[in-house]
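Examination of the molecular architecture
The lines below spell out each chain.
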Amino acid sequence: MTHLKPKVLRFESLPSTNTELSRLANEGAEEGVSVVADEQTAGRGRLQRAWSSPKGAGLYFSILLRPKFATNYWPLITMMAAVAVYDTLGEACRLQADIKWPNDLLSGERKICGILAEAIETPSGRAVIVGIGINLTEDAYPAELADVATSVSEATGRAADREAILNGLLRWLGHWYWLLSEGGGPESIVSGWSSRSSYAFGRLVSNGDDVWQGTTCGLERDGALRLRTGDDEIKVVRAGDVTSLRRL
Ligand code: BTN
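Residues numbered from 1 in each chain as written. Predicted model: local features only at pLDDT ≥ 70, side-chain atom pairs only at ≥ 80, totals over all residues. Heavy atoms only, no water.

**Re the overall build of the chain**
As a reminder, the rule being used: Secondary structure is summarised from DSSP: a helix means a run of H or I of at least four residues, a strand means a run of E of at least two, and numbering begins at the N terminus for each. Only C-alpha atoms enter the radius of gyration, while the globule expectation follows 2.2 Å times N to the 0.38, with N the number of residues. Accessibility here uses a 1.4 Å probe with only protein chains present; expressed as a share of the type maximum, an area under 20% marks a residue as buried, one over 50% as exposed, and anything in between as partly exposed. Each accessible area is a Shrake-Rupley estimate made with a 1.4 Å probe; only the visible protein chains count as cover when residues are assessed. When charges are counted, Lys and Arg contribute as positive and Asp and Glu as negative, whereas His and the chain ends are disregarded. Just so you know, the charge point we use is NZ for Lys, CZ for Arg, CG for Asp and CD for Glu.
Of regular secondary structure, the chain possesses five helices and 12 strands. Over its C-alpha trace the chain gives a radius of gyration of 17 Å, about what one expects of a compact globule, namely 18 Å for 248 residues. The principal-axis extents of the C-alpha atoms in the chain amount to approximately 55 × 40 × 30 Å. Relative to its 248 residues, the chain shows a buried fraction of 52%. Of the roughly 11300 Å² of accessible surface on the chain, a fraction of 50% belongs to carbon and sulfur atoms. Where the 27 positive side-chain charges of the chain centre and where its 31 negative ones centre are 3 Å apart.

**Some words on the nonpolar core**
Keep this limit in mind: Only buried Ala, Val, Leu, Ile, Met, Phe, Trp, Tyr and Cys residues count toward a nonpolar core, and they belong to the same one when joined by side-chain atoms within 4.5 Å. By definition in these notes, contact holds between two residues if any of their heavy atoms fall within 4.5 Å.
Counting residues in hydrophobic clusters, the biggest one holds 57 residues, and the most contacted among them are Phe61, Leu105, Ile132 and Ile134. Secondary-structure elements contributing two or more residues to this core are strand 3 (58–65), helix 2 (75–93), strand 5 (104–107), strand 6 (110–122), strand 7 (125–135), helix 4 (162–181), helix 5 (186–196) and strand 10 (225–230). When residues in this core are grouped by element, the largest group, 12 residues, is from helix 2. Apart from the residues within four sequence positions on either side, Leu105 is in contact with Ala82, Val85, Tyr86, Ala97, Asp98, Ile99, Arg110, Lys111, Ile112, Cys113 and Ile115. Ranked by size, the runner-up nonpolar core spans 12 residues in total, among them Leu21, Val33, Leu64 and Ile120.

**So, the site of the ligand**
We apply this condition: We call a residue near a molecule or strand whenever a single non-hydrogen atom of that residue lies within 4 Å of it. Counted as a polar contact is a pair of N or O atoms within 3.5 Å, where, for protein atoms, one must be capable of donating a hydrogen and the other of accepting one, and residues adjacent in sequence contribute only when both atoms are in side chains. The nonpolar class holds Ala, Val, Leu, Ile, Met, Phe, Trp, Tyr, Cys and Pro. Asp, Glu, Lys and Arg form the charged class, and all remaining residues, Gly among them, are polar.
Ser16, Gln40, Arg44, Arg46 and Lys111 are the nearest of the 19 residues found near the ligand. Gln40 is positioned such that a nitrogen or oxygen atom in its side chain is 2.8 Å from a nitrogen atom of the ligand. Arg44 is positioned such that a nitrogen or oxygen atom in its backbone is 2.7 Å from a nitrogen atom of the ligand. Considering the ligand on its own, with 420 Å² of exposed area, one finds that the protein chains cover 99% of that surface. Residue assignment for the shell around the ligand shows that the elements contributing at least two residues are helix 1 (17–26), strand 3, strand 6 and strand 7. With four residues, strand 6 is the single largest residue contributor to the shell around the ligand. When grouped by side-chain class, the residues that make up the shell around the ligand number five nonpolar, 10 polar and four charged.

**Description of the environment of Leu170**
Checked against the element boundaries, Leu170 lands in helix 4. For the pair Leu170 and Val85, spaced 85 residues apart in sequence, the C-alpha separation works out to 9.6 Å.

**Considerations on the sheet that holds strand 6**
Worth spelling out the cut-off: Any two strands with at least two DSSP-identified bridges between them are counted as paired. In this analysis an axis means a line fitted to C-alpha atoms, helices contributing only their contacting stretch, and an angle means the value between N-to-C directions, from 0 to 180 degrees.
The strand order across the open sheet built from seven strands is 1-2-3-7-6-5-4, with neighbouring strands paired in mixed fashion. For this open sheet the edge positions go to strand 1 (7–14) and strand 4 (98–100), each flanked by a neighbour on one side alone. Adjacent strand axes in the sheet meet at a mean angle of 20° when their direction is disregarded. Judged from the seven bridges that link them, strand 1 and strand 2 (residues 33–40) form a sheet pairing that is parallel. Looking at strand 2, one finds that Phe11 is bridged to Ala37.

**A short note on the packing of aromatic side chains**
Where we set the bar: Pairs were defined over the aromatic rings of Phe, Tyr and Trp, the Trp ring being its six-membered one, requiring ring centres within 6.5 Å. Orientation was assigned from the angle between planes: stacked under 30 degrees, edge-to-face over 60, tilted for the rest. Note on geometry: a ring has a charge over it if NZ (lysine) or CZ (arginine) is within 6 Å of the ring centre and within 35 degrees of the ring normal.
The final tally for this structure, using the stated rule, is zero aromatic pairs. Directly above the aromatic system of Tyr199 lies the positively charged group of Arg203, at a separation of 4.2 Å from the ring centroid.

**What about the pairing of strand 3?**
Judged by how many residues are buried, strand 3 sits mostly within the fold: eight of eight residues are covered. Across the two faces of strand 3 the burial is the same, with Gly58, Tyr60, Ser62 and Leu64 and Leu59, Phe61, Ile63 and Leu65 all buried.

**Remarks on helix 1**
In terms of residue burial, helix 1 counts as a mostly covered element, since seven of its 10 residues are buried. Listed in full, the buried residues belonging to helix 1 are Thr17, Asn18, Glu20, Leu21, Ser22, Leu24 and Ala25. Buried residues along helix 1 sit against strand 1, strand 2, strand 3, strand 6 and strand 7. Backbone nitrogen of Asn18 and a side-chain oxygen of the N-cap are separated by 3.2 Å at the start of helix 1; the cap is Ser16. Gly28 lies just past helix 1 and shows a positive phi near 105°.

Take a look at the structure:
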């Protein structure tokens, strides 16, 4: 079930698929237009980080969305994409991943996929570029990240089929985006995310600087993470990253 009509534009090399798609969106590209590159020379990650993108080592993909629902639910778009990647990796690679709030895909506690969603203004209205980088081989990430990163081929012991992953991604994105915008609405993403993530309940987490810590206790309706920080205290986290302290 989908109303997304993906149209995939392929490139050998781009600075960043998100940047290229943002340019196309400003020229009037429709919802569903997607960009894939064999390599990125200036791949971008969350929190102003670079995203290593060597030729053929990863899937570097962006899709344009023009959501019609209220902007306070737009944070769910990136979580919707994480759920779609989770289902794609399960189906196309027989890989059971995990999702770290809000949208990192992990395999055995190591990052296998990152998602960068960017809201932009275009002449035909506000839009969201959802950029997805999946590590296909160990060449995708720098050697110094070997303790915290992994790839589809390492996690499965089999070569990653980039086309099968891309096709699955287009289908699952269509499915989950339809659920978010027309089907079950925000609840479908909150429950889909929660049932796929070990971070939804009972994980002791902190922010990077250990300014606070708490035990996860589900998501708000807009995707914010609820933490129990004391007997009667609930903290709601809407931005940034969390770090797992230990599994309860
Ligand atoms: C993260 O920091 O975890 C997000 C990484 C997102 C990387 C992808 S690769 C395709 C798209 N183009 C970019 O420049 N970034 C995203």
